[in-house]
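Reading the structure
In case you want the letters, here they are:
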Amino acid sequence: MNKQKFEYFLNAVHYCMWLFERKFGFFIGKIVDFFLSPIPKFLFTKNMKKRYYDNMRKSQPQLDELFYGKKSGFSIGLAHHNFGAFYSIYPCIFSFFIEGLFIKYNVEMNAFVFLVIFAIPVGICYIPAYKAVFSNDKYLQYFKLFEKEDEHWHKKWKRRTIAFIFGAIASLFLGVIIIAVIVTS
């Protein structure tokens with residue numbers, strides 16, 4: 001896989017995670033609105049209702065940017081976090097393999113050494129993903145490109161993102177199995 005395809009893949013997965021976070025945020029927002037909407041409707045006076053609904057209408061764009069903005073919104077922060085977490089799980093196989101060898105050949109376990117052995121492969125493998133997605137906010141350029149794509153493209157990449165997430169979870173379990181096999185053999 002060349003650099004452009006790798007970058008495109010990672011940014012598309014990140015974009016789909018952001019879309020999921022936005023949809024989930026909208027869903028939670030509707031639930032909160034459902035439970036909180038009776039308060040102004042039944043407990044506020046007429047003047048208070050008018051002020052409340054005027055303020056809500058005026059502040060809605062700022063709230064949308066706060067929760068769903070591409071650059072600094074809550075949903076993009078969650079998408080950044082989830083992308084980094086799932087991507088970082090893949091190199092855990094190498095970390096578990098190295099840790100399994102360390103446990104097998106060293107009787108004493110030092111927690112610091114154990115953590116370093118785990119963190120180095122994960123950190124080294126995360127560098128290309130960081131450069132492909134987050135350096136110079138490349139994801140924003142890709143987001144503009146992906147928003148122009150049709151519904152078929154979005155469905156295809158949603159499936160690939162789900163496969164990416166399940167692959168990360170499977171690789172975590174595979175890593176645990178690897179460490180167990182090495183230690184017990």
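See above for the structure.
Residues numbered from 1 in each chain as written. Predicted model: local features only at pLDDT ≥ 70, side-chain atom pairs only at ≥ 80, totals over all residues. Heavy atoms only, no water.

The next thing to look at is the packing of helix H5 (residues 92–105) against helix H8 (residues 151–184). For the pair H5 and H8, interaxial distance at closest approach is 8 Å and the crossing angle is 15 degrees. Comparing the axis directions of H5 and H8 gives the class roughly parallel. The element H5 and its partner H8 pack so that their crossing is right-handed. Along its contact with H5, which presents Ile 93, Phe 96, Phe 97, Glu 99, Gly 100, Leu 101, Ile 103 and Lys 104, the element H8 presents Ser 171, Leu 172, Leu 174, Gly 175, Val 176, Ile 178, Ile 179, Ile 182 and Val 183. Across the contact of H5 with H8, the residue classes tally to 12 nonpolar, three polar and two charged. (Axes fitted to C-alpha atoms, helices over the stretch in contact; angles between N-to-C directions. Helix = DSSP H or I, 4+ residues; strand = E, 2+ residues; numbered from the N terminus. Parallel < 35°, antiparallel > 145°, perpendicular 65-115°, else oblique. Left-handed = near helix turned anticlockwise from the far one by under 90°. Contact = heavy atoms within 4.5 Å. Nonpolar A, V, L, I, M, F, W, Y, C, P; charged D, E, K, R; others polar.)

As a further point, take the nonpolar core. Residues Leu 10, Phe 83, Val 133 and Tyr 139 are the most contacted members of the largest nonpolar core, which totals 23 residues. Elements supplying a minimum of two residues to this core: helix H1 (3–36), helix H4 (74–89), helix H6 (111–133), helix H7 (138–147) and H8. Considering every element that reaches this core, the biggest residue donor is H1, with seven residues. (Core = buried A, V, L, I, M, F, W, Y, C linked by side-chain atoms within 4.5 Å. Buried < 20%, exposed > 50% of the residue type's maximum accessible area, 1.4 Å probe, protein only.)

Our focus in this paragraph is the environment of Phe 86. Within the fold, Phe 86 resides in helix H4. Each C-alpha atom, one on Phe 86 and one on Ala 168, is 5.7 Å from the other, the two residues being 82 residues apart in sequence. Leaving out residues up to four positions away in the same chain, Phe 86 has contacts with Met 17, Phe 164, Ile 165, Ala 168 and Ile 169.

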